[in-house]
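Listed below, chain by chain, are the residues.
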Amino acid sequence: MVAVAKHRADAAPAEPDEQSTPTAATSVSPVGRHRAAPGPEGLSVWATAQSTGPVQRRGRYVRESVQHPARMLPAIAAHAVTAYTQPADLVLDPMCGIGTTLVEAIHAGRDAIGVEYESRWSDIADANITHAHARGATGRAGVIRGDATKLLSLVPGALAGQVALVVTSPPYGPTVHGLVRPGADGVAKFDNAYNDGTDRGNLAYRDLTGLADGFAQILAGCHALLRPGGVVVVTARPWRKHGELVDLPSAVIGAGIRAGLTPVDRCVALLAAVRDGGLVARPSFFQLQAVRKARAAGTPMHLIAHEDVLVFIKSRTDSGSGSLGDTLGGGVIA
């Protein structure tokens, strides 16, 4: 039997008929990590899609949040925050997008800081933080606009050695599935790119080697900001380019090792619901279309049902200094 880790019920609103029904509790190590024992029976699975992404975000995030092309499920961020931190701990997302990690952290009573390259998304992240405080979130959070590959030049030096947890996800190429609307010529895609394609500074526009190198720089900055024993959680999944599988999770593991982090766990965050001992997929329009076309052509492709959760730790022998103080406020840090 595969152990299923239930995310906190108040971390993501569930539809009335879609309550979490995990089949078993995951094993948790003394420091709060979800340990995966050897063999498939020891896998640690996070049941983070018991309700759909729109249901999880409804009322919790501003409406403009849907415009981001690659949003993390709130329940994934919430699960990581509650599993690996304590109240008042500091959480960092160096590629924070619309601020999902930050919102879930401050709702859980943690403080959070995010870095975002594109001003469009950092503005929405700031609005989401303000919205979370209006809904009773008690943690403090701020967003820095800038290039996370230069993380240490952006984040206040007083935060070195203070971060308990990093939760983030690298981009999956310059375009993703986005949203669809019907048109005169069929279905049209929109909100499927990180920017208009003119700014190649975004990691999304690099090849796998360039993406891995840039992400290693980001993780090296995270390493300096983490306290000894601090945890890094990265969600990633492979994708196909011209029919070839691009193994992003393995590239992320390599980047983490080069950044001085130690990989300790590889978990699964479900993108499908658990129902009656089986999985109910929640594909996008384009995922469903791609699978149908592949099967019609004789390729046994399946719908995506999970993301890899790659967990790293900073050695407890590493030292850090500084204090949080009043560095974080409630909005954007200039």
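For every chain, the first residue of the written sequence is number 1, and numbering continues from 1 onward in sequence order. Only residues with pLDDT of at least 70 are given local features in this predicted model, and only at 80 or more are side-chain atom pairs given and counted; all residues enter the totals for whole chains, interfaces and linings. To get the side-chain values, all heavy atoms of the structure are used, and hydrogens and water are removed first.

The name an unreviewed UniProt entry assigns to the protein chain is Methyltransferase, from the organism Micromonospora harpali. UniProt, in its Sequence similarities (unreviewed entry) section for the protein chain, records the words "Belongs to the N(4)/N(6)-methyltransferase family." UniProt positions are given in the numbering used here, feature names are shortened, and annotations may be inferred rather than shown by experiment.

Turning our eyes to something else, we now look at unusual backbone geometry. A positive phi angle is found at Ala 88, which is not glycine, with a value near 80 degrees. Each helix is a run of DSSP H or I of at least 4 residues and each strand a run of E of at least 2, with the numbering of both proceeding from the N terminus. One can find Ala 88 in the loop between helix H2 (74-84) and strand E3 (90-93). Relative accessible area serves as the criterion here: at 55%, Ala 88 is assigned to the exposed category. The backbone of Asp 276 shows a phi angle near 50 degrees, a positive value even though the residue is not glycine. Structurally, the position occupied by Asp 276 is in the loop between strand E13 (273-275) and strand E14 (278-280). Partly exposed describes any residue whose relative accessible area lies between the buried limit of under 20% and the exposed limit of over 50%, with all areas from a 1.4 Å probe on protein chains only and scaled to the type maximum.

Listed in full, the buried residues belonging to helix H7 (residues 248-258) are Leu 248, Pro 249, Ala 251, Val 252, Ala 255 and Gly 256. End-on, the buried residues of H7 take up no more than an arc of 160 degrees, which puts them together on one face. Contacts are assigned to residue pairs that have any heavy atoms within 4.5 Å of one another. Buried-residue contacts for H7 involve helix H6 (208-225), strand E9 (226-236), strand E10 (239-241), strand E11 (244-246), strand E12 (262-270) and strand E15 (306-313). Just downstream of H7, Gly 260 is the residue with a positive phi angle, here 95 degrees. Note: the arc covers the axis-to-C-beta directions of the helix.

For the rest of this paragraph, the subject is the packing of aromatic side chains. Between 30 and 60 degrees the pair is tilted, below 30 it is stacked and above 60 it is edge-to-face, where a pair is any two Phe, Tyr or Trp rings, Trp via its six-membered ring, whose centres lie within 6.5 Å. The tally for this structure, following the rule as stated, stands at one aromatic pair. Ring geometry for Trp 46 and Tyr 84: centres 6.4 Å apart, planes at 45 degrees, overall tilted. Of this pair, Trp 46 sits in strand E2 (residues 44-47) while Tyr 84 sits in helix H2, and the two are 38 residues apart along the sequence. A single burial state applies to Trp 46 and to Tyr 84, both of which are buried.

This part takes up the pairing of E12. Only strands that DSSP links by at least two bridges are regarded as paired with each other. For E2 and E12, the ladder comprises two bridges, and the chain directions are parallel. Among the inter-strand pairings, Trp 46 is bridged to a residue of E12, identified as Ala 269. As judged from the eight bridges shared by E12 and E15, these two strands associate in the antiparallel manner. Note on E15: the bridge partner recorded for Leu 270 is His 306.

We now examine the nonpolar core. What tends to happen in soluble globular proteins is that the nonpolar side chains get buried as a cluster. What is meant by a nonpolar core is a set of buried Ala, Val, Leu, Ile, Met, Phe, Trp, Tyr and Cys residues, joined one to another through side-chain atoms within 4.5 Å. Trp 46, Tyr 84, Leu 165 and Val 233 are the most contacted members of the largest nonpolar core, which totals 36 residues. Looking at this core, the elements with two or more residues in it are H2, helix H3 (100-107), helix H4 (119-134), strand E5 (141-145), strand E6 (163-168), E9, E12 and E15. When residues of this core are assigned to their parent elements, the largest contribution, six residues, is made by H2. Formed by 30 residues, the second largest nonpolar core is a distinct cluster that contains Leu 90, Ala 148, Val 252 and Leu 310.

Okay, the confidence of the model for the protein chain next. Residues with a pLDDT of 70 or more make up 72% of the protein chain, whose mean pLDDT is 79. Between residues 1-42, whose pLDDT stays under 50, and residues either more than four places distant or in other chains, the model counts 96 contacts. Below a pLDDT of 50 lies the segment residues 174-180, which in the model reaches 32 contacts outside its immediate sequence neighbourhood of four places, other chains included. Per-residue confidence from the predictor is reported as pLDDT, which spans 0 to 100.

The salt bridge definition used is simple: a Lys or Arg side-chain nitrogen within 4 Å of an Asp or Glu carboxyl oxygen. As enumerated under the stated definition, the model contains eight salt bridges in all. Here Arg 227 makes a salt bridge to Asp 89, at a shortest N to O gap of 3.2 Å. Within this pair, whereas Arg 227 is found in strand E9, its partner Asp 89 is found in the loop between H2 and E3, the two being separated by 138 residues in sequence. On the accessibility criterion, Asp 89 (11% relative accessible area) is buried. Across the pair Asp 213 and Arg 258 runs a salt bridge, and its minimum N-O distance is 3.5 Å. With Asp 213 in helix H6 and Arg 258 in helix H7, this pair connects stretches of sequence that are 45 residues apart.

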